[in-house]
Amino acid sequence: DLVRSPHRSLYARTDTWSSLSPNDRALWMARGLHTLHPEWVFSFYTAAALHGLYVPNRLLNQIHVAHIGPTCQKSRGIIVHHCKKELEPAYVQGIPVTPLLETTIDCLFRLSLTEGLPIADSALRNLDISKRQFLDLIESSGQYGAFKASKIALHANPLSESGGESMARAVMIEEGFALPELQVPIPHPLYKGRTYRVDFLWRLSGQSDVAGEFDGMVKLEDEQMLKNHSVLQTLRQERNREAALTSTGLRVMRFTYDDVRLGLPLVTLMNHYGIPHVA
(Lines give C-alpha, C1' and ligand atoms only; values in the text may rest on other atoms or scores of the structure.)
Protein backbone atom coordinates (compact mmCIF):
# COMPACT_ATOMS: atom_id res chain seq x y z
CA ASP A 1 0.00 0.00 0.00
CA LEU A 2 1.22 3.50 -0.83
CA VAL A 3 -0.66 5.16 2.05
CA ARG A 4 -0.62 4.36 5.77
CA SER A 5 -3.30 5.45 8.28
CA PRO A 6 -1.90 5.28 11.83
CA HIS A 7 -5.15 6.72 13.21
CA ARG A 8 -8.59 7.59 11.93
CA SER A 9 -8.45 10.59 9.54
CA LEU A 10 -4.64 10.70 9.59
CA TYR A 11 -2.72 9.53 6.53
CA ALA A 12 0.90 9.38 5.43
CA ARG A 13 2.86 7.85 2.60
CA THR A 14 3.97 4.39 3.68
CA ASP A 15 7.62 4.98 2.76
CA THR A 16 7.64 8.30 4.64
CA TRP A 17 6.02 6.80 7.72
CA SER A 18 8.43 3.86 7.73
CA SER A 19 11.40 6.24 7.67
CA LEU A 20 10.27 8.16 10.77
CA SER A 21 11.64 7.46 14.25
CA PRO A 22 9.14 6.71 17.06
CA ASN A 23 9.68 10.27 18.32
CA ASP A 24 8.99 11.81 14.91
CA ARG A 25 5.89 9.64 14.48
CA ALA A 26 4.52 10.90 17.80
CA LEU A 27 5.18 14.51 16.79
CA TRP A 28 3.61 13.98 13.36
CA MET A 29 0.48 12.47 14.92
CA ALA A 30 0.22 15.22 17.54
CA ARG A 31 0.32 17.88 14.83
CA GLY A 32 -2.31 16.03 12.79
CA LEU A 33 -4.58 15.50 15.79
CA HIS A 34 -4.22 19.15 16.76
CA THR A 35 -5.63 20.08 13.34
CA LEU A 36 -8.57 17.74 13.91
CA HIS A 37 -9.06 18.63 17.59
CA PRO A 38 -7.64 22.11 18.27
CA GLU A 39 -9.14 22.06 21.80
CA TRP A 40 -7.05 19.07 22.89
CA VAL A 41 -4.14 19.69 25.28
CA PHE A 42 -1.40 17.10 24.90
CA SER A 43 0.10 15.71 28.09
CA PHE A 44 2.42 13.10 29.62
CA TYR A 45 4.85 11.49 27.17
CA THR A 46 3.34 13.19 24.10
CA ALA A 47 3.82 16.60 25.70
CA ALA A 48 7.33 15.59 26.77
CA ALA A 49 8.22 14.76 23.16
CA LEU A 50 6.74 18.06 21.97
CA HIS A 51 8.82 19.88 24.60
CA GLY A 52 11.89 18.22 23.11
CA LEU A 53 12.62 15.87 26.03
CA TYR A 54 14.21 12.43 25.66
CA VAL A 55 11.32 9.95 25.83
CA PRO A 56 11.95 6.17 25.65
CA ASN A 57 10.49 4.78 22.44
CA ARG A 58 8.02 2.39 24.05
CA LEU A 59 6.26 5.34 25.73
CA LEU A 60 5.51 6.97 22.39
CA ASN A 61 3.14 4.30 21.08
CA GLN A 62 0.13 6.19 22.48
CA ILE A 63 -1.00 9.81 22.31
CA HIS A 64 -1.85 11.40 25.68
CA VAL A 65 -4.43 14.17 26.04
CA ALA A 66 -5.47 16.09 29.19
CA HIS A 67 -8.91 17.52 29.99
CA ILE A 68 -10.40 19.44 32.91
CA GLY A 69 -13.07 17.68 34.91
CA PRO A 70 -13.79 14.78 37.23
CA THR A 71 -14.48 12.44 34.32
CA CYS A 72 -12.79 12.06 30.96
CA GLN A 73 -13.58 10.62 27.63
CA LYS A 74 -12.94 6.91 27.49
CA SER A 75 -9.45 6.07 26.26
CA ARG A 76 -9.68 4.24 22.97
CA GLY A 77 -7.08 2.83 20.62
CA ILE A 78 -3.88 4.83 20.77
CA ILE A 79 -5.54 7.89 22.38
CA VAL A 80 -5.26 8.04 26.19
CA HIS A 81 -7.33 10.68 28.00
CA HIS A 82 -6.39 12.08 31.43
CA CYS A 83 -8.44 14.19 33.83
CA LYS A 84 -6.94 17.21 35.60
CA LYS A 85 -8.37 19.59 38.20
CA GLU A 86 -6.59 22.52 36.57
CA LEU A 87 -5.26 22.95 33.08
CA GLU A 88 -3.35 26.01 31.87
CA PRO A 89 -1.62 24.96 28.67
CA ALA A 90 1.66 26.14 27.29
CA TYR A 91 2.19 26.22 23.54
CA VAL A 92 4.92 24.52 21.50
CA GLN A 93 4.90 25.59 17.86
CA GLY A 94 1.27 26.60 18.34
CA ILE A 95 0.22 23.24 19.82
CA PRO A 96 -1.28 23.28 23.36
CA VAL A 97 0.60 21.10 25.83
CA THR A 98 0.88 20.84 29.59
CA PRO A 99 3.73 23.11 30.84
CA LEU A 100 7.24 21.68 30.96
CA LEU A 101 7.51 21.25 34.76
CA GLU A 102 4.00 19.78 35.03
CA THR A 103 4.75 17.42 32.14
CA THR A 104 8.01 16.32 33.76
CA ILE A 105 6.32 15.49 37.07
CA ASP A 106 3.44 13.69 35.32
CA CYS A 107 5.96 11.48 33.53
CA LEU A 108 8.44 10.84 36.34
CA PHE A 109 5.98 9.70 38.97
CA ARG A 110 4.87 6.86 36.68
CA LEU A 111 8.29 5.66 35.55
CA SER A 112 11.24 3.66 36.79
CA LEU A 113 14.61 5.35 37.14
CA THR A 114 15.80 3.81 33.86
CA GLU A 115 12.93 5.26 31.82
CA GLY A 116 12.51 8.42 33.87
CA LEU A 117 16.08 9.67 34.00
CA PRO A 118 16.24 10.58 30.26
CA ILE A 119 13.19 12.80 30.79
CA ALA A 120 14.62 14.33 33.99
CA ASP A 121 18.03 15.01 32.41
CA SER A 122 16.57 16.74 29.36
CA ALA A 123 13.99 18.66 31.42
CA LEU A 124 16.72 20.07 33.67
CA ARG A 125 18.70 21.14 30.62
CA ASN A 126 15.67 22.73 28.92
CA LEU A 127 14.68 24.64 32.06
CA ASP A 128 18.25 25.98 32.31
CA ILE A 129 18.22 26.13 36.11
CA SER A 130 20.32 24.59 38.87
CA LYS A 131 19.65 21.11 40.21
CA ARG A 132 18.59 22.62 43.55
CA GLN A 133 16.11 24.96 41.83
CA PHE A 134 14.80 22.02 39.79
CA LEU A 135 14.17 19.95 42.92
CA ASP A 136 12.65 22.90 44.76
CA LEU A 137 10.21 23.53 41.90
CA ILE A 138 9.13 19.90 41.89
CA GLU A 139 8.82 19.60 45.68
CA SER A 140 6.92 22.88 46.05
CA SER A 141 4.58 22.28 43.10
CA GLY A 142 1.92 20.53 45.17
CA GLN A 143 1.35 18.38 42.10
CA TYR A 144 0.28 14.78 42.43
CA GLY A 145 3.29 12.51 42.10
CA ALA A 146 5.82 15.23 42.97
CA PHE A 147 7.44 13.23 45.79
CA LYS A 148 8.22 10.22 43.59
CA ALA A 149 9.24 12.49 40.73
CA SER A 150 11.78 14.24 42.98
CA LYS A 151 13.47 10.91 43.75
CA ILE A 152 14.30 10.50 40.05
CA ALA A 153 15.05 14.22 39.56
CA LEU A 154 17.65 13.95 42.33
CA HIS A 155 19.87 12.09 39.85
CA ALA A 156 19.28 14.45 36.89
CA ASN A 157 22.28 15.84 35.02
CA PRO A 158 21.86 18.31 32.14
CA LEU A 159 25.17 17.23 30.58
CA SER A 160 23.67 13.97 29.35
CA GLU A 161 23.43 14.24 25.56
CA SER A 162 21.11 11.36 24.70
CA GLY A 163 18.42 9.18 26.15
CA GLY A 164 20.73 6.17 25.86
CA GLU A 165 23.41 7.88 27.94
CA SER A 166 20.81 8.73 30.59
CA MET A 167 19.52 5.15 30.69
CA ALA A 168 23.08 3.86 31.03
CA ARG A 169 23.63 6.14 34.02
CA ALA A 170 20.40 4.85 35.58
CA VAL A 171 21.74 1.28 35.35
CA MET A 172 24.98 2.45 36.99
CA ILE A 173 23.05 4.11 39.82
CA GLU A 174 20.80 1.11 40.43
CA GLU A 175 23.78 -1.28 40.40
CA GLY A 176 25.73 0.89 42.85
CA PHE A 177 28.66 1.84 40.62
CA ALA A 178 30.69 4.99 41.14
CA LEU A 179 29.25 7.61 38.81
CA PRO A 180 31.40 9.08 36.06
CA GLU A 181 32.05 12.64 35.00
CA LEU A 182 30.06 13.51 31.86
CA GLN A 183 31.20 15.02 28.56
CA VAL A 184 34.83 15.42 29.59
CA PRO A 185 37.30 17.04 27.13
CA ILE A 186 40.48 15.02 26.54
CA PRO A 187 43.46 16.89 24.97
CA HIS A 188 44.55 15.47 21.62
CA PRO A 189 47.95 13.76 22.01
CA LEU A 190 49.31 15.21 18.73
CA TYR A 191 47.57 18.52 18.06
CA LYS A 192 47.79 21.24 20.69
CA GLY A 193 44.48 22.97 21.38
CA ARG A 194 42.42 20.15 19.90
CA THR A 195 40.30 17.98 22.17
CA TYR A 196 38.00 14.98 22.08
CA ARG A 197 34.97 14.74 24.33
CA VAL A 198 34.13 11.42 25.95
CA ASP A 199 30.62 10.55 27.15
CA PHE A 200 31.77 9.24 30.54
CA LEU A 201 35.04 9.35 32.45
CA TRP A 202 36.09 7.48 35.58
CA ARG A 203 39.31 8.65 37.23
CA LEU A 204 40.54 5.54 39.01
CA SER A 205 43.12 5.36 41.77
CA GLY A 206 45.99 3.00 41.09
CA GLN A 207 44.98 2.11 37.54
CA SER A 208 44.38 3.77 34.17
CA ASP A 209 41.33 5.99 33.84
CA VAL A 210 38.36 4.63 31.88
CA ALA A 211 36.41 6.49 29.21
CA GLY A 212 32.89 5.17 28.61
CA GLU A 213 31.50 5.60 25.10
CA PHE A 214 27.84 4.94 24.29
CA ASP A 215 27.50 3.61 20.74
CA GLY A 216 24.12 4.79 19.54
CA MET A 217 23.19 3.52 16.08
CA VAL A 218 21.74 6.96 15.36
CA LYS A 219 25.31 8.09 14.68
CA LEU A 220 25.35 5.82 11.63
CA GLU A 221 21.72 6.29 10.60
CA ASP A 222 21.11 10.04 11.01
CA GLU A 223 22.22 11.98 7.92
CA GLN A 224 22.73 15.16 9.94
CA MET A 225 25.05 13.40 12.38
CA LEU A 226 26.98 11.86 9.51
CA LYS A 227 27.75 15.44 8.37
CA ASN A 228 27.85 14.51 4.67
CA HIS A 229 30.27 11.64 5.35
CA SER A 230 29.67 8.04 4.36
CA VAL A 231 29.20 5.38 7.01
CA LEU A 232 32.68 4.07 6.13
CA GLN A 233 34.23 7.51 6.63
CA THR A 234 32.41 7.91 9.94
CA LEU A 235 33.62 4.50 11.15
CA ARG A 236 37.19 5.40 10.14
CA GLN A 237 36.98 8.67 12.07
CA GLU A 238 35.67 6.80 15.13
CA ARG A 239 38.56 4.32 14.87
CA ASN A 240 41.12 7.15 14.61
CA ARG A 241 39.48 8.92 17.54
CA GLU A 242 39.65 5.81 19.71
CA ALA A 243 43.30 5.25 18.77
CA ALA A 244 44.11 8.81 19.81
CA LEU A 245 42.27 8.38 23.12
CA THR A 246 43.98 5.09 23.98
CA SER A 247 47.38 6.60 23.16
CA THR A 248 46.87 9.01 26.07
CA GLY A 249 46.68 6.04 28.45
CA LEU A 250 42.90 5.92 28.66
CA ARG A 251 41.09 2.61 28.48
CA VAL A 252 37.99 2.96 26.30
CA MET A 253 34.90 0.99 27.30
CA ARG A 254 32.32 0.91 24.51
CA PHE A 255 28.76 -0.25 25.05
CA THR A 256 25.54 -0.32 23.05
CA TYR A 257 21.86 0.38 23.61
CA ASP A 258 21.23 -3.37 23.93
CA ASP A 259 23.90 -3.57 26.66
CA VAL A 260 22.01 -0.84 28.53
CA ARG A 261 18.55 -2.28 27.86
CA LEU A 262 19.50 -5.72 29.12
CA GLY A 263 21.55 -4.32 32.01
CA LEU A 264 23.71 -7.37 32.71
CA PRO A 265 26.08 -6.87 29.73
CA LEU A 266 26.81 -3.31 30.90
CA VAL A 267 27.33 -4.48 34.48
CA THR A 268 29.71 -7.22 33.25
CA LEU A 269 31.70 -4.68 31.22
CA MET A 270 31.98 -2.25 34.11
CA ASN A 271 33.18 -4.99 36.44
CA HIS A 272 35.74 -6.09 33.84
CA TYR A 273 37.11 -2.53 33.57
CA GLY A 274 37.32 -2.23 37.35
CA ILE A 275 34.71 0.48 37.86
CA PRO A 276 34.30 0.54 41.65
CA HIS A 277 31.07 0.23 43.60
CA VAL A 278 30.11 2.82 46.18
CA ALA A 279 28.36 2.34 49.51
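Note: the structure precedes this text.
Residues numbered from 1 in each chain as written. Predicted model: local features only at pLDDT ≥ 70, side-chain atom pairs only at ≥ 80, totals over all residues. Heavy atoms only, no water.

## Things to note about helix α7 (residues 146-153)
Right, on to step 1. Within α7 the residues assigned to the buried category are Ala146, Ala149, Ser150, Ile152 and Ala153. All buried residues of α7 project into a common sector of 160° when viewed along the axis, lining one side.
Right, on to step 2. At its buried positions, α7 is contacted by α4 (100-108), α5 (113-127) and α6 (131-139). (Buried < 20%, exposed > 50% of the residue type's maximum accessible area, 1.4 Å probe, protein only. Helix = DSSP H or I, 4+ residues; strand = E, 2+ residues; numbered from the N terminus. Arc of directions from axis to C-beta. Contact = heavy atoms within 4.5 Å.)

## A few points about the pattern of salt bridges
Between side chains of opposite charge, a pair can form when the charged atoms approach closely.
Right, on to step 1. Taken as a whole, this structure holds 13 salt bridges when the rule is applied.
Right, on to step 2. Close ionic contact of Arg58 with Glu115 constitutes a salt bridge, the shortest N to O distance being 2.6 Å. Pair noted here: Arg58 is in the loop between α3 (44-50) and β4 (63-68) and Glu115 is in helix α5, with a separation of 57 residues, a long-range link.
Right, on to step 3. A residue is classified by how much of its surface remains accessible, and Arg58, at 53% relative accessible area, is exposed.
Right, on to step 4. With its nearest N and O atoms 2.9 Å apart, the salt bridge here joins Asp106 to Lys84. (Salt bridge = Lys/Arg side-chain N within 4 Å of Asp/Glu carboxyl O.)

## Observations regarding unusual backbone geometry
Among all residues save glycine, negative phi is the norm, and among peptide bonds the norm is trans.
Right, on to step 1. With a phi angle near 75°, Ser9 is a residue other than glycine that sits in the positive phi range.
Right, on to step 2. Secondary-structure assignment places Ser9 in the loop between β1 (3-7) and β2 (10-13).
Right, on to step 3. The phi dihedral of Gln93 falls on the positive side, at around 50°, and the residue is not glycine.
Right, on to step 4. Summarising the element assignment, Gln93 is placed in the loop between β6 (90-92) and β7 (95-97).
Right, on to step 5. Since its relative accessible area comes to 73%, Gln93 is described here as exposed.

## Digging into the side chain of Thr104
Right, on to step 1. Note on placement: Thr104 falls in helix α4.
Right, on to step 2. Taking the relative accessible area as the measure of exposure, Thr104 reaches 0% and is therefore buried.
Right, on to step 3. Residues within four places of Thr104 in sequence aside, it is in contact with Leu53, Ile119, Ala123 and Phe134.

## With respect to a nonpolar patch on the surface
Right, on to step 1. There is a patch of nonpolar side chains on the surface, built from Leu2, Val3 and Tyr11 and spanning about 370 Å² of accessible area.
Right, on to step 2. Within the secondary structure, Leu2 is located in the segment before β1.
Right, on to step 3. Given the relative accessible area of 67%, Leu2 is considered exposed. (Patch = residues over 30% accessible without salt bridge, like charges linked within 9 Å, V, L, I, M, F, W, Y side chains within 5 Å. Areas by Shrake-Rupley, 256 points an atom, 1.4 Å probe, with all protein chains shown as cover.)

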